[in-house]
Amino acid sequence: MNAIPAHQVTPPRIRRRQTIALVLLVVTGVINYLDRATLAVANEFIRADLGLSLGEMGLLLSAFSWSYALCQLPVGALVDKIGPRWLLGAGLVVWSLAQAAGGLVSTFGWFVLARVVLGIGEAPQFPAAARVVSNWFPIRARGTPTGIYNSASPLGFALAPLCLSPLIAATSWHWAFFVTGALGIVAAVVWVMLYRDPVREQMTKEELAYLDEGQTVEPAREAGFASWRALFRHRATWGMLLGFFGSVYLNWVYLTWLPGYLRAERNMDVAYVGVAATIPFLCGFAGALVAGWASDQITRRASSVLAGRRTAVVIAMLGMVAFTIPAALVQSNTVAIACISVVIFLANAASACSWSLVTVVAPRSRIASLGAIQNFGGFIGGALAPIFTGYIAQAWSFVPALLTGAGIAFLSAMSYQFLVGKAIPEQD
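Since we're looking at a predicted model, the values are computed, not measured.

This part covers helix α7 (residues 143–150). Across the eight residues of α7, six count as buried, placing the element largely inside the fold. Along α7, the residues classified as buried are Gly 143, Pro 145, Thr 146, Gly 147, Tyr 149 and Asn 150.

This is the structure:
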């Protein structure tokens, strides 16, 4: 058996930092998505309490995504400039206070405002995570950690109905917001206490050789808004922005409307819906984990690292399209849940692979910036998905709403395939 080259052996101090960083990213990511999912779990109770129509509920469900998407553009540059430790810590405090405030509101307008602030606070989570992975992992091994931190999103959605539904039943929907908000404040303190950004001047030669393996080490440059704007000169940036739009759009059709869809369109019993809505998101958790490993395997066999990461994204997105069509059209609820489970498995696989692609396409100084731009495109899709789905379902049914999502995801997969062709150089 061939020995592992010395520069590929993870130094003990870096391994500890990697483990701490990934555990914290998963924990904060789970809380992040528990907060997002609280509104979907409490959907029918809030609609009844506030007297909202399906269309109005769609607007409320989308309020988070608009502010989250718009904040991606500046927050990526800020993560690159300030670092993930303090920016994610501050974001945790802001979003947790906004989440708790959601339990206090009594009108549609105030609820929209609370969700808008929630989106602002949660904006640093994934650009910061991308930066953490690029800081602590070499380029050849970023797929697996990216899959691990991305697994927090479906895990959070899977846990939401299991944890929050009994809480709502025992108390009221307000307490679901209070409890998850309190969890976020605790997580903010732990994150700031335990996580550290790397300081290259304090590293050994072995540690630097491990982190720099497979990369050309270029002089450090100041990350800022001018360099952030320069990314838009490259077609790869537009390909990733448009590509993630459709990936997140179709995913958020299910994330925001699945419990309501199962009750309204498929007439499922309320007790069964909690279990039925959890199964697909557990599959999504597995999808994110498998995708990280699979992306690394595909990349090792591809003509280039970029081509391997891109191929993994496109395959996953085309699978999402293929399984959404029967999910919309079949009569059997069991078959529909099985198809939706595959879609959400692949949606989270596509998301994990998309974030891995960021670390390959972006220059080292602007990884969070490019990740945030991609995420901006995704959550414009995430903002539109609940609105379009709500109004299409109100006017016709959920069937054309699901098929619309499939069509958008197909076009976005083509954006990745044909626009993301080469990495963006550092000097631009």
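Another aspect to go through is the state of the cysteines. Tallying each qualifying case throughout the model produces zero disulfides. Free cysteine: Cys 283, not disulfide-bonded; nearest cysteine sulfur from Cys 339 at 12 Å. Lacking any disulfide linkage, Cys 353 is separated from the closest cysteine sulfur, that of Cys 283, by 17 Å. Taking the relative accessible area as the measure of exposure, Cys 353 reaches 4% and is therefore buried.

Even without glycine at this site, Asn 267 takes up a positive phi of about 55 degrees. By secondary structure assignment, the location of Asn 267 is in the loop between α12 (235–264) and α13 (270–301).

One pass over the full model with this rule turns up two salt bridges. The closest approach of N and O atoms between Glu 122 and Arg 36, which form a salt bridge, is 2.8 Å. Of this pair, Glu 122 sits in helix α5 (residues 108–122) while Arg 36 is found in helix α1 (residues 12–41), placing the two residues 86 residues apart along the sequence. Classification of Glu 122 by relative accessible area gives buried; the value is 0%.

What follows is about the nonpolar core. Formed by 132 residues in total, the largest nonpolar core has its most connected members in Phe 111, Trp 191, Leu 262, Val 361 and Tyr 416. Broken down by element, this core gets its largest block of residues, 16 residues, from helix α15 (residues 333–361). Those residues in contact with Leu 262, other than ones at most four positions away along the chain, are Asn 267, Met 268, Val 273, Ala 276, Ala 277 and Ile 337.

All right, on to the packing of aromatic side chains then. Any aromatic ring pair is given by two values, namely how distant the centres are and how the planes are angled relative to each other. Overall, the coordinates contain 17 aromatic pairs when judged by the stated rule. The interplanar angle of 15 degrees and the centroid separation of 5.8 Å between the aromatic rings of Phe 111 and Trp 173 together place this pair among those described as stacked. One end of the pair, Phe 111, is in helix α5; the other, Trp 173, is in helix α9 (residues 173–194), with 62 residues separating them in the sequence. Judged by centre distance (5.5 Å) and plane angle (80 degrees), the rings of Trp 252 and Phe 379 are edge-to-face.

This brings us to the confidence of the model for the protein chain. Do not read the predicted coordinates in detail wherever pLDDT is low. When the pLDDT values of the protein chain are averaged, the result is 86; 93% of them are 70 or greater. Averaged pLDDT values for the elements of the protein chain fall to 69 in helix α11 (residues 225–230) and rise to 96 in helix α17 (residues 398–419).

Bringing the packing of α7 against helix α8 (residues 152–170) into the picture now. Across the interface, α7 lies against α8 with an axial gap of 5 Å and an inter-helix angle of 20 degrees. Judged on the interaxial angle alone, α8 and α7 are roughly parallel. Every residue of α8 that contacts α7 at Ile 148, Tyr 149 and Asn 150 is listed here: Ala 152, Ser 153 and Pro 154. Of the residues assigned to the contact of α7 with α8, the class counts are four nonpolar, two polar and no charged.

Calculation notes
Residues numbered from 1 in each chain as written. Predicted model: local features only at pLDDT ≥ 70, side-chain atom pairs only at ≥ 80, totals over all residues. Heavy atoms only, no water. Buried < 20%, exposed > 50% of the residue type's maximum accessible area, 1.4 Å probe, protein only. Helix = DSSP H or I, 4+ residues; strand = E, 2+ residues; numbered from the N terminus. Disulfide = S-S within 2.5 Å. Salt bridge = Lys/Arg side-chain N within 4 Å of Asp/Glu carboxyl O. Core = buried A, V, L, I, M, F, W, Y, C linked by side-chain atoms within 4.5 Å. Contact = heavy atoms within 4.5 Å. Phe/Tyr/Trp six-rings, centres within 6.5 Å; stacked < 30°, edge-to-face > 60°. pLDDT = per-residue confidence, 0-100. Axes fitted to C-alpha atoms, helices over the stretch in contact; angles between N-to-C directions. Parallel < 35°, antiparallel > 145°, perpendicular 65-115°, else oblique. Nonpolar A, V, L, I, M, F, W, Y, C, P; charged D, E, K, R; others polar.

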